[in-house]
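Chains, contacts and geometry: an overview
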Amino acid sequence: MSSSIARRIVWTFTTVVVPGPVAAQQTVELPTRDRVLRERPAAVFTVGVVEGEESEMFSGIRSIAFDTADNMYVLDGQNTRVVVFDSKGSFVRQFGKKGGGPGELQAPLGMDIAADGTVVISDIANRGFVVFRPDGEYVRNVTFDEDIGFPIAVEADASGDMIGRSIARPRPDRGTSDAGVSPIFRQSLETEEVHTIYRVPVTPPRVTQTGGGNRVASISMEPIFGPRPSFGVLPTGFAIHHDTEYAIRILDDAGRHVRTLSRDFEPRRVTEKDQETWREQRSQEMASGGGPTVIMARRSPAGASTSVGGSNPMTFDVGPVPFADYMAVVTSIRTDPQGRIWVQRRNEDGKAEGPIDLVTADGRYIGTLPRQPMPLAVSASGFAAWVVTDDELGVERVVVRRLPATWR
């Protein structure tokens, strides 16, 4: 990347992103050459069928989490439920159902399990976190802070607080709140207090008012091939990425930036061919029922309501699709209980699922996995879960494998 681009990124970070005083920072340069990790994880079990037991018929898996006993919790989005399997893949229980009453779900987007086993689900239509005991008994709802917006990704930290990243909430009365920033926040489930840890600059969503101003559609439209903000909770602190370059920012528990992990990969320019290929693939997805994430907010004399959908029967004039000038090197990151950071790099052909680097927060490079999808969850004992979708039948399966000891 040119020096002018690099200077612009640094300037944005120091003047816009960092909350409060700038802490002492260091940059750790990871090795340039990949050390490929060729040992493969061992198969443990697979769940998910075309026809059969209801517990294994998934539709729209949104999140997966493991508890300390390696029980696996699957957030089955379209079926608005959580399905629990033990460490051998046997069905244990399920809880949650469609609705807006106590213990019911409407538009669940994320889930995690606190250290004490409490299950927390982020449900934007219920406008809060829905809290369950480990056995599935409903506890209560914790309302989202309106100024924070809608959490689209959540994780529990060691204290049991929820760490999340939000997008601006569509407001029929006043548009969006702080739409150019996606806050990463901490919310206590006990006191419901909310503190912003970090503020990620994002492209403001496009907002369309319909129905005489009573409904607002908010359509997230980050530039294609550009950076997608992602974060993960570490045993102490957080890992965050939101740059075109390879730059994993390590924060302490207070949200102070203490270290950046970097690798010397040059972002490549987005070509006309890249754009055309993307359009063709997107047309195929739309033809098969896919679509942009649309969040609808409705305000009437009876109150306010919110809904979410991947495709929507309404037509929105969102204008031309924006493309980034350069392809972001990193497409997503994830952390695990062992303190590793999984860094998914963009593949050479421009697709998001490329090689995965395994690194630690202090800058130790473990190695690189060949091109593959990112696991949705990793347990403390070394189980990892991937969602695999059958291309012909569209059946979702969860594949659980044990990670090799050498990946440490």
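Now for a quick tour of the structure. As the structure is a prediction and not an experimental result, all values here were calculated from the model. (Residues numbered from 1 in each chain as written. Predicted model: local features only at pLDDT ≥ 70, side-chain atom pairs only at ≥ 80, totals over all residues. Heavy atoms only, no water.)

**A word on the overall build of the protein**
- A count of helical and extended segments in the protein gives two helices and 29 strands.
- For the protein, buried positions account for 50% of its 408 residues.
- Long-range contacts, defined here as pairs at least 24 residues apart, represent 50% of the contacts in the protein between residues at least 6 apart. (Helix = DSSP H or I, 4+ residues; strand = E, 2+ residues; numbered from the N terminus. Buried < 20%, exposed > 50% of the residue type's maximum accessible area, 1.4 Å probe, protein only. Contact = heavy atoms within 4.5 Å.)

**Observations regarding the pairing of strand β19 (residues 247–251)**
- The buried fraction of β19 amounts to five of the five residues, a majority that puts the element mostly inside the structure.
- Burial along β19 is two-sided: the residues A247, R249 and L251 and I248 and I250 are all buried.
- Relative to β19, strand β18 (residues 238–241) runs antiparallel, the two sharing three bridges. Within β19, the residue paired with A239 across the bridge is I250.
- The turn linking β18 back onto β19 is made up of five residues.
- Pairing between β19 and strand β20 (residues 257–262): five bridges, direction antiparallel. Each residue of the ladder has a partner; that of I248, found in β20, is L261.
- Hairpin connection of β19 to β20: five residues between the antiparallel strands, including G255 at a positive phi of 90°. (Pairing = 2+ DSSP bridges.)

**Examining the sheet that holds strand β29 (residues 396–402)**
- The sheet built from four strands is open, its strands ordered β2-β29-β28-β27 with antiparallel pairing. The two strands at the open ends of the sheet, each matched to only one other strand, are β2 (42–47) and β27 (377–378).
- The pairing of β2 with β29 spans five bridges and is classified as antiparallel. Bridge pairing links A42 to R402 in β29.

**Some words on the sheet that holds strand β5 (residues 81–85)**
- One open sheet accounts for four strands, arranged β3-β4-β5-β6; its pairing is antiparallel. Two strands in the sheet have a free side with no partner beyond their single neighbour: β3 (61–66) and β6 (91–95). For this sheet, the mean angle separating the axes of adjacent strands, direction not counted, is 20°. (Axes fitted to C-alpha atoms, helices over the stretch in contact; angles between N-to-C directions.)

**A look at unusual backbone geometry**
- Not every positive phi belongs to a glycine, and T80 is a case in point at roughly 45°.
- Structurally, T80 can be placed in the loop between β4 (72–76) and β5.
- Look at T80 and you get buried, because its relative accessible area is 4%.
- Positive phi, close to 75°, is recorded for F225, a residue that is not glycine.

**With respect to the environment of R397**
- Relative to the helices and strands, R397 resides in strand β29.
- Take R397: its relative accessible area is 27%, and that puts it in the partly exposed class.
- Here R397 is in contact with T46, V47, G48, V50, W386, V387, V388 and D390, once residues within four sequence places are set aside.
- Separated by 3.3 Å, the side chain of R397 and the backbone oxygen of G48 make a polar contact. (Polar contact = N/O pair within 3.5 Å; in protein donor to acceptor, adjacent residues only side chain to side chain.)

**Here we look at the packing of aromatic side chains**
- Applying the stated criterion across every chain yields a total of 10 aromatic pairs.
- Consider the rings of F85 and F91, whose centres lie 6.4 Å apart with planes at 75°: the pair is edge-to-face.
- For F85, a relative accessible area of 0% gives the class buried.
- In textbook terms, an aromatic cluster arises when at least three aromatic residues are bridged by ring pairs, as seen for F58, F85 and F91.
- Positioned over the ring face of Y365 is R263, at 4.9 Å from the centre of the ring. (Phe/Tyr/Trp six-rings, centres within 6.5 Å; stacked < 30°, edge-to-face > 60°. Lys NZ or Arg CZ within 6 Å of the ring centre and 35° of its normal.)

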